[in-house]
Number of protein chains: 2
Amino acid sequence: MCQKTQDIAVQRDFTSETDGNRTSLNPSSVVVINLDQGDPTVFETYWRNVGEKSTITFKGDQSLSYFANAKNLCWFLEPKLEEEIRRLHNVVGNAKVEDHFIIVGNGSSQLIQAALYAVSPSDHPEPISVVAATPYYSAYQEVADLLRSGLYRWGGDAYSFDKDEPYIEMVTSPNNPNGVMREPVVNRPQGKIIHDLAYYWPHYTPITSQVDHDIMLFTYSKCTGHAGSRIGWALVRDKDVAKKMVKFMEVSTIGVSKESQLRAAKILGVISDSCQNDKSPDLDNFFEYSQHLMAERWEKLRQVVKVNELFSLTKYPSEYCLFTKDFTQAHPAFAWMSCKSNMEDCEKMLRGHKILARSGSRFGSDPKYVRISMVGRDQEFNLFLERLSSIQEITSGN
Amino acid sequence: MCQKTQDIAVQRDFTSETDGNRTSLNPSSVVVINLDQGDPTVFETYWRNVGEKSTITFKGDQSLSYFANAKNLCWFLEPKLEEEIRRLHNVVGNAKVEDHFIIVGNGSSQLIQAALYAVSPSDHPEPISVVAATPYYSAYQEVADLLRSGLYRWGGDAYSFDKDEPYIEMVTSPNNPNGVMREPVVNRPQGKIIHDLAYYWPHYTPITSQVDHDIMLFTYSKCTGHAGSRIGWALVRDKDVAKKMVKFMEVSTIGVSKESQLRAAKILGVISDSCQNDKSPDLDNFFEYSQHLMAERWEKLRQVVKVNELFSLTKYPSEYCLFTKDFTQAHPAFAWMSCKSNMEDCEKMLRGHKILARSGSRFGSDPKYVRISMVGRDQEFNLFLERLSSIQEITSGN
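The rules behind the values
- Residues numbered from 1 in each chain as written.
- Chains lettered and ligands numbered in written order.
- Predicted model: local features only at pLDDT ≥ 70, side-chain atom pairs only at ≥ 80, totals over all residues.
- Heavy atoms only, no water.
- UniProt positions renumbered as here; feature names shortened; annotations may be inferred.
- Salt bridge = Lys/Arg side-chain N within 4 Å of Asp/Glu carboxyl O.
- Helix = DSSP H or I, 4+ residues; strand = E, 2+ residues; numbered from the N terminus.
- Buried < 20%, exposed > 50% of the residue type's maximum accessible area, 1.4 Å probe, protein only.
- Least-squares fit on C-alpha atoms with pLDDT ≥ 70 in both.
- Contact = heavy atoms within 4.5 Å.
- Pairing = 2+ DSSP bridges.
- Axes fitted to C-alpha atoms, helices over the stretch in contact; angles between N-to-C directions.
- Patch = residues over 30% accessible without salt bridge, like charges linked within 9 Å, V, L, I, M, F, W, Y side chains within 5 Å.
- Areas by Shrake-Rupley, 256 points an atom, 1.4 Å probe, with all protein chains shown as cover.
- Buried area = accessible area lost by both parts, 1.4 Å probe.
- Polar contact = N/O pair within 3.5 Å; in protein donor to acceptor, adjacent residues only side chain to side chain.

- As annotated in an unreviewed UniProt entry, chain A carries the name Alliinase C-terminal domain-containing protein and is attributed to Cinchona calisaya.
- Quoted verbatim from the Sequence similarities (unreviewed entry) field of the UniProt record, the comment on chain A reads "Belongs to the alliinase family."
- As stated in UniProt under Cofactor (unreviewed entry), the record for chain A gives "pyridoxal 5'-phosphate".

Focus on the pattern of salt bridges
All names here are of chain A.
So, step 1. All chains considered together, the criterion is met by 30 salt bridges over all chains.
So, step 2. Between Glu 83 and Lys 80 there is a salt bridge whose closest N-O contact spans 3.4 Å. Taken as a pair, Glu 83 and Lys 80 lie in helix 4 (residues 79–92) at a separation of three residues, close to a single helical turn.
So, step 3. Owing to a relative accessible area of 40%, Lys 80 belongs among the partly exposed residues under this scheme.
So, step 4. Here Asp 212 and Arg 237 are joined by a salt bridge, their closest N and O atoms 3.3 Å apart. In this pair, Asp 212 sits in the loop between strand 7 (191–196) and strand 8 (215–219) while Arg 237 sits in the loop between strand 9 (232–236) and helix 8 (239–253), placing the two residues 25 residues apart along the sequence.

A few points about the relation of the copies chain A and chain B
So, step 1. Expressed as a screw operation, the relation of chain A to chain B combines 0.0 Å of axial shift with a rotation of 180°, fitting to an RMSD of 0.0 Å. Put plainly, the chains are arranged around a two-fold axis.
So, step 2. Comparing interface residues between copies, 100% of those in chain A also sit at the interface in chain B, which points to an isologous, same-surface contact.

Observations regarding the sheet that holds strand 16 (residues 369–373) of chain B
All names here are of chain B.
So, step 1. Read from one edge of the open sheet, four strands run 10-13-16-15, paired in antiparallel fashion. Whereas interior strands pair on both sides, the edge strands pair on one side only; in this sheet they are strand 10 (311–313) and strand 15 (358–359).
So, step 2. Sheet topology note: the strand 13 (residues 334–339)/strand 16 ladder contains five bridges and is antiparallel. Directly across from Ala 335, in strand 16, lies its bridge partner Ile 372.
So, step 3. Sheet contacts for helix 10 (residues 286–308): strand 10 and strand 13; angle to strand 10, the most-contacted strand, approximately 145°.

What to know about unusual backbone geometry
So, step 1. The peptide bond linking Thr134(A) to Pro135(A) adopts the cis configuration, its omega dihedral lying at -10°.
So, step 2. Residue position: Pro135(A) is located in the loop between strand 4 (128–132) and helix 6 (139–145).
So, step 3. Residue Pro174(B) follows Ser173(B) across a cis peptide bond; omega there is 0°.
So, step 4. Within the secondary structure, Pro174(B) sits in the loop between strand 6 (167–172) and strand 7 (191–196).
So, step 5. One non-glycine residue, Arg148(A), lies in the positive phi region at around 50°.
So, step 6. Mapped onto the elements, Arg148(A) comes out in the loop between helix 6 and strand 5 (152–157).
So, step 7. If you check the backbone angles, Lys354(B) has positive phi at about 60° while not being a glycine.
So, step 8. Positionally, Lys354(B) belongs in the loop between helix 11 (346–352) and strand 14 (355–356).
So, step 9. We classify Lys354(B) as partly exposed; its relative accessible area is 26%.

What about a nonpolar patch on the surface?
So, step 1. A surface patch of nonpolar side chains, about 310 Å² in accessible area, is lined by Tyr320(A), Leu322(A) and Phe327(A).
So, step 2. Within the secondary structure, Tyr320(A) sits in strand 11 (residues 319–321).

Here we look at the interface of chain A and chain B
So, step 1. Contacts between the two partners involve 76 residues from chain A, matched on the other side by 76 residues from chain B.
So, step 2. In total, about 6600 Å² of surface goes out of reach between chain A and chain B, with carbon and sulfur atoms giving 57% of it.
So, step 3. Three residues, Leu64(A), Tyr66(A) and Leu147(A), lead the burial of chain A against chain B; their summed loss comes to 11% of the area buried on that side.
So, step 4. Connecting chain A to chain B are 50 residue pairs in polar contact (both at pLDDT 80 or more).
So, step 5. Listing elements by their share of the side of chain A that touches chain B, those giving two or more residues are helix 1 (3–13), helix 3 (44–50), strand 2 (56–58), helix 5 (107–119), helix 6, helix 7 (220–224), helix 8 and helix 9 (258–274) of chain A.

Okay, here's the thing in structure tokens:
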């Protein structure tokens, strides 16, 4: 069974306790706490506080057409969204955009596929290998192998890839699951690199440079929290690669929801506005607010882990952030945690305590690791801290 | 080059004259009239008139989550949209819904792929053939062959398919491009049928029965005109097939835009309301309005064609429509037109008169046929009638 479906199935096994994906508010120890997916509902409070500035209305006769801007290479991209994407990258300084085309997708999930399609040679007798350095994002293998494509296929851990043939390397930086900054590892002549920068925002990690790669993927979900909108974008230098990505998007979904795009333009605009010196006083700087929120959560988690001495968390170096103009650490969207003892299967052990996390084996890594979402709602996170604190010893689970 | 990209490229070759996809209002004969795609902007006037009833507002803190309803098999489907889809099918009586799961997709384009994925055997050594009876919808081949899948591949014209092996037949009814009602043609034991019912609505064709197939695909774009929203739905009888379609949707785009779904629920609700006997007097019955509009356009086109005696149009029988409770003909979203003379390439000939249509060869048929959109804006359609009337003789074009 597909991992993602397995995730959802696992979640649904507990629906009577979890009220669907939402962890129940009943503080009873039998409540299942689901931290397996990175559903970014932590930002709801910020957007509730923003109020009217982030509201958008659609009239019935609006956006009927397939076309957003037929003169653009990406003809289904709303001009206003393109404008706000470029603006936000300039405000934050995390990526260069002047030399790049922008392709919008139904989440960066779809753009990964569009990019694989665009850079795979069409005249190669065998599917090209797609690799990523372990621990790698669990979706890459699923995406690469979904349709048993003749163009590309999953080639496993980039650290072990030593074939003298064309390949594609997914470089995720900061990395999902462990939040560390990454560089390409294969470094052979026939490689194409796709940079997945989903978490390269100031609330998760110091902005140490303005990146400028050939293909850079971003997701609206993890930037603002609006995962339900299904918006991602690719910054693409090469025009032919951009055209092929557009072709993929045309055939697979004839573009992207106009409502989602126009709403995303509004929301991204609010974020950029919130970073201005002359901003409205009632509008909190989004990245300051979110960075503070993530830092607070990480501090609490580190404290619990320190006290019960059963687990380990990744440590992150202090680095100079060009955006905040200060030294700071990473506070990633996921915690990459391991059991200190001889516990071989941390996911199973936590499941015994009704905490759902994603096993390290899903990321091509050791099952003594788990990935835990740090971006859910407050009640859920606090319940998790409480439950983790209550674990006195590591057993093999129920 | 992919046909769709070729379409867009063709369109962009004329952007200086067409103002992007929109045909220029300059009545000069040098204006290019683009009737190649079925961009359903004809319905804009109806929705403008509906006004406030079809307006929807989103607050900033709404729909952040990936999940719409985690308890549902299709966990990304908004409950309100499911309710309105079922309601509309019951109001119109075009399809049975009680025994079916509903899967939402980014257009029926994506659901075609989800269905192919779901019904392809995973243990077959060779990709299963995907066939459709000529003239078939030009996108089927593109979709089937996009990633050179090991699960399925385009197998061509269903009329010629005589292999003794598993296959999938796409049955489009009413058919795109020629608007005729269709049945499966292969009729061998190892076949799976996917019914594409995009145009099975009263404004295009008489509703002669309430269909009840295993897999039925519908698109919001052609029902209401809101193509920019990227919404389609599948009615699926078998739970395992439905689960596999959901899996495809999870991996490819992690579901569907919540904004598009919630807006579609509103719009579909207005349509169902407009069909009630006790409806608001200022709300026109959507299907009566649209049926009248399509009928008027077809009458005008038939008149032009009758007068200049250079072209032929498909004729449609008068049939009893269970919805309007009257005898009526089809007035399809596309006209399937051919040149009466020895003209072998009708698309090329029309292009010489700056009318862009889609060649019959794109549908596996004879290039003496073209498919012409009947659902664009009024000015464009009227300009087309004027231009067609002005053609005095059929030449081989510029």
